[in-house]
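# Results of the structural survey
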Amino acid sequence: MTNGGDREFESLDIVRAELDVERTAQEKRAETVDSRAGQVLGFAGVLAGLALNSKSGWALPGAVVAAAAATLAASILRPRMQAGIYPRGLYLGYINKKPDCTKRVVLDTRIADYESNKDQLDIKLNRLDWAVRLLVLAITLVVLALLAVILR
């Protein structure tokens with residue numbers, strides 16, 4: 001107990017509120033990354049098809065690089081399992097515990113979940129960065145190949 005207070009961990013609610021704000025922002029970033037990966041995947045697919053339909057051997061490297069960008073973007077969209085709170089376990093393990101003890105365990109679990117999700121999001125962001133770089137390279141290669149065909 002703290003000095004005369006009835007709560008052992010008086011700041012748990014403050015920490016939980018801030019964590020909730022960060023988790024909401026993290027979820028929004030993850031949704032944005034998934035959306036952008038979908039856009040890269042779609043555009044890379046169209047570009048690869050355009051390059052292959054150009055019937056120019058010069059466009060083949062662009063199609064290959066576009067396919068690599070699409071593959072990388074698709075790997076971002078792969079669902080990942082997330083840790084969480086298991087209500088039955090929480091109920092069985094903490095039904096007779098003090099509320100602050102239960103809140104602390106839940107908060108520790110939520111923080112670990114946030115950190116795990118952060119690591120996964122960092123990996124997705126890195127892959128998205130490389131997928132966009134490959135897409136830009138593929139666009140450049142296909143445009144140069146098409147220009148070579150037109151200027152012949």
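All figures in this text were calculated on a predicted structure; none of them were measured in a lab.

When helices and strands are tallied, the protein chain shows four helices and zero strands. The C-alpha atoms of the protein chain give 25 Å as radius of gyration, which overshoots the globular expectation for 152 residues (15 Å, by more than 25%). Based on the C-alpha atoms only, the size of the protein chain along its principal axes is roughly 90 × 30 × 15 Å. Here the protein chain has roughly 10200 Å² of accessible surface; of this, 62% comes from carbon and sulfur atoms.

Once that is clear, we can look at the packing of helix α1 (residues 12-53) against helix α2 (residues 60-77). Running from N to C, α1 and α2 cross one another at 155°; their axes reach a closest spacing of 8 Å. Taken as axis vectors, α1 and α2 run roughly antiparallel relative to one another. Relative to α2, α1 is oriented so that their crossing is left-handed. Counted together, V33, D34, A37, G38, V40, L41, A44, L47, A48, A51 and L52 of α1 and L60, A63, A66, A69, A70, A73, A74, I76 and L77 of α2 form the full contact between these two elements.

Mapped onto the secondary structure, E10 falls in the segment before α1. Exposure remark for E10: the relative accessible area of 48% places this residue in the partly exposed category. Along the primary structure E10 and Y114 are separated by 104 residues, whereas in three dimensions their C-alpha atoms are 22 Å apart.

This brings us to the packing of aromatic side chains. Taken as a whole and judged by the stated rule, the model has zero aromatic pairs. The cationic tip of R133 hangs over the ring face of W130; the distance from NZ or CZ to the ring centre is 4.9 Å.

A pair of packed helices can be characterised by two numbers: the angle between their axes and the separation between those axes. Remark: α2 packs on helix α4 (residues 99-150), axes separated minimally by 8 Å, with the N-to-C direction vectors making an angle of 160°. With respect to each other, α2 and α4 are oriented roughly antiparallel. As α2 packs across α4, the resulting crossing turns out to be left-handed. Together, P61, G62, A63, V65, A66, A68, A69, L72, A73, S75 and I76 of α2 and K124, R127, L128, W130, A131, L134, L135, L137, A138, L141 and V142 of α4 make up the contact between the two elements. The residue inventory of the contact of α2 with α4, partitioned by class, reads 18 nonpolar, two polar and two charged.

In this model α1 runs 61 Å from its N-terminal to its C-terminal C-alpha over 42 residues, within 8% of the 62 Å that 1.5 Å per residue would give. Among all positions of α1, only L12, L19, R23, Q26, V33, A37, V40, A44, L47, A48 and A51 are buried. Packed against the buried residues of α1 are α2 and α4. Backbone geometry just after α1 places K55 at a positive phi near 55°.

Bringing the nonpolar core into the picture now. By size, the foremost hydrophobic cluster in this structure holds 22 residues, and its most contacted members are V40, L47, L128 and L135. At the level of secondary structure, the elements contributing two or more residues to this core comprise α1, α2 and α4. Ignoring any residue separated from it by four or fewer positions in sequence, one finds L135 in contact with V40, F43, A44, L47 and A69.

Counted according to the given criterion, the structure contains six salt bridges. Ionic pairing is found between R23 and D113, a salt bridge with its closest N-O pair at 3.6 Å. Of this pair, R23 sits in helix α1 while D113 sits in helix α4; the two residues are 90 residues apart in sequence, bridging distant segments of the chain. With respect to class, R23 is no different from D113; both count as buried. The closest approach of N and O atoms between D129 and R133, which form a salt bridge, is 3.0 Å. Of the two residues, D129 and R133 both sit in helix α4, four residues apart, roughly one turn of that helix. Look at D129 and you get partly exposed, because its relative accessible area is 35%.

What counts, and where the lines are drawn
Residues numbered from 1 in each chain as written. Predicted model: local features only at pLDDT ≥ 70, side-chain atom pairs only at ≥ 80, totals over all residues. Heavy atoms only, no water. Helix = DSSP H or I, 4+ residues; strand = E, 2+ residues; numbered from the N terminus. Rg over C-alpha atoms; globule rule 2.2 N^0.38 Å. Areas by Shrake-Rupley, 256 points an atom, 1.4 Å probe, with all protein chains shown as cover. Axes fitted to C-alpha atoms, helices over the stretch in contact; angles between N-to-C directions. Parallel < 35°, antiparallel > 145°, perpendicular 65-115°, else oblique. Left-handed = near helix turned anticlockwise from the far one by under 90°. Contact = heavy atoms within 4.5 Å. Buried < 20%, exposed > 50% of the residue type's maximum accessible area, 1.4 Å probe, protein only. Phe/Tyr/Trp six-rings, centres within 6.5 Å; stacked < 30°, edge-to-face > 60°. Lys NZ or Arg CZ within 6 Å of the ring centre and 35° of its normal. Nonpolar A, V, L, I, M, F, W, Y, C, P; charged D, E, K, R; others polar. Expected span 1.5 Å × (residues − 1). Core = buried A, V, L, I, M, F, W, Y, C linked by side-chain atoms within 4.5 Å. Salt bridge = Lys/Arg side-chain N within 4 Å of Asp/Glu carboxyl O.

The analysis is restricted to geometry; functional conclusions fall outside its scope.
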